[in-house]
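# Report on the structure
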Amino acid sequence: MARFHPLPVAAVDRLTDDSVALTFAVPAELRAEYRHAPGQHLALRRRADGTEVRRTYSICSPAPDPGGDGPHTLRVGVRLVDGGAFSTYALKEITVGDELEVMTPAGRFTLDPAPGLYAAVVGGSGITPVLSIVSTLLAREPAARFCLIRSDRTAASTMFLDEVADLKDRYPERLQLVTVLSREEQQAGLPSGRLDRERLARLLPSLLPVADVAGWFLCGPFGLVQGAEQALRGIGVPRSRIHEEIFHVDVTAAAPGATAGAPAHSTVTARLDGRGGSWPVREGESLLETVLRNRPDAPYACKGGVCGTCRAFLVSGEVRMNRNFALEPEETEAGYVLACQSHPLTEAVEVDFDR
Ligand code: FES
């Protein structure tokens, strides 16, 4: 069950003009709760002026040793978003010693370290979870290799430049690093320009044996992730080997569906943290909104179908999900839904947040 705890900020490191890394110290009694898999994220919560803002940020630090007591620190990357309520606060106000409310780790964009070849295509701040994935994999699994293809605007705007260079120095044989800058020529490496579907479809087979890659990790803006997935599918990569995490969704990328098909009255029954309840759904409400009115501890972060924090198992009834950028096809087929995007299509709907 996801929970918030106040964690002290142990370091604030400026990465670029518009991004920072925040490091939290994890007290001994909470380390088991903050144990995380490489690629997971943390939701941060800020309450100010009577409003609450939540944002999810990926953990960039390696996952803790499975045999240990859990992470002693957690580091996340935060990039400034235009007008972003939380990122502006993070870049301009947070200092060492502040306490922030941090949710326990969540997310299924993860890799269980195993021998083999893995690859990632990342754009901008999409490097953040992949940094944790690559560093954990190469440290734990001597028979694993990784090909990291990253794109950014310029070298100066590239997050975690030093951390990635350090990894390349430490694992020169096992980490292949390919950088593409869209607005700047590089002295060495690939010509500048966007990494779109056509370019990736041509580029990938020349970089690595595509059919041998056990897992692809695509992370960044919606357009890049979608283009990379289409390129991979076009060159024969099965969907089951592709993992995706989208960081920014253009509002025009997927329009929410209409409320057509909803019954006049419906009731949601939800199980959360071992306790259940049933409540009427008000017109136009998502399941999450109904549950939150009655159970303020219901898990969520983005409310936009992107982070997956509100994932719940649909026990009975039918729902319509407006947008889904978080659940993999296997999860929806298995019966999971995003509560923040789900609207009842039957008079009774039952969901379980604990499964
Ligand atoms: S709260 Fe982020 S997907 Fe629902």
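Residues numbered from 1 in each chain as written. Predicted model: local features only at pLDDT ≥ 70, side-chain atom pairs only at ≥ 80, totals over all residues. Heavy atoms only, no water.

Time to look at helix 1 (residues 85-92). Within helix 1 the residues assigned to the buried category are Phe86, Ser87, Tyr89, Ala90 and Leu91. Looking at the buried side of helix 1, the elements it contacts are strand 1 (4-16), strand 2 (19-25), strand 3 (41-48), strand 4 (51-58), strand 5 (73-79) and strand 6 (99-103). (Buried < 20%, exposed > 50% of the residue type's maximum accessible area, 1.4 Å probe, protein only. Helix = DSSP H or I, 4+ residues; strand = E, 2+ residues; numbered from the N terminus. Contact = heavy atoms within 4.5 Å.)

Bridging between strand 10 (residues 213-221) and strand 11 (residues 242-248) involves six bridges; their strand directions are parallel. Among the inter-strand pairings, Gly220 is bridged to a residue of strand 11, identified as Ile246. Since strand 10 and strand 11 lie parallel, the crossover through helix 5 (residues 222-234) that links them has a hand, and here it is right-handed. (Pairing = 2+ DSSP bridges. Right-handed = clockwise from strand over helix to strand, strands pointing away.)

Take the pairing of strand 7 (residues 116-123) next. Among the eight residues that make up strand 7, seven are buried, leaving the element largely enclosed by the rest of the structure. Where strand 7 and strand 8 (residues 144-152) come together, eight bridges link them in parallel fashion. For Ala120, the partnering residue across the bridge sits in strand 8 and is Leu148. Read as a crossover between parallel neighbours, the route from strand 7 over helix 2 (residues 127-140) to strand 8 is right-handed. When strand 7 meets strand 10, the two strands line up parallel, connected through six bridges. Residue pairing across strands places Leu117 opposite Val213, the latter belonging to strand 10.

One can find Glu244 in strand 11. Residues Glu244 and Gln226 lie 18 residues apart in sequence; the distance between their C-alpha atoms is 8.9 Å. Apart from the residues lying within four places of it in its own chain, the contact partners of Glu244 are Phe109, Leu218, Val225, Glu229, Arg239 and Glu328.

With that settled, consider the pattern of salt bridges. Taken as a whole and assessed by the stated rule, the structure comprises 18 salt bridges. For Arg239, the salt bridge goes to Glu244, with nearest N and O atoms at 3.9 Å. Classification of Arg239 as buried rests on a relative accessible area of 18%. Taking the relative accessible area as the measure of exposure, Glu244 reaches 15% and is therefore buried. (Salt bridge = Lys/Arg side-chain N within 4 Å of Asp/Glu carboxyl O.)

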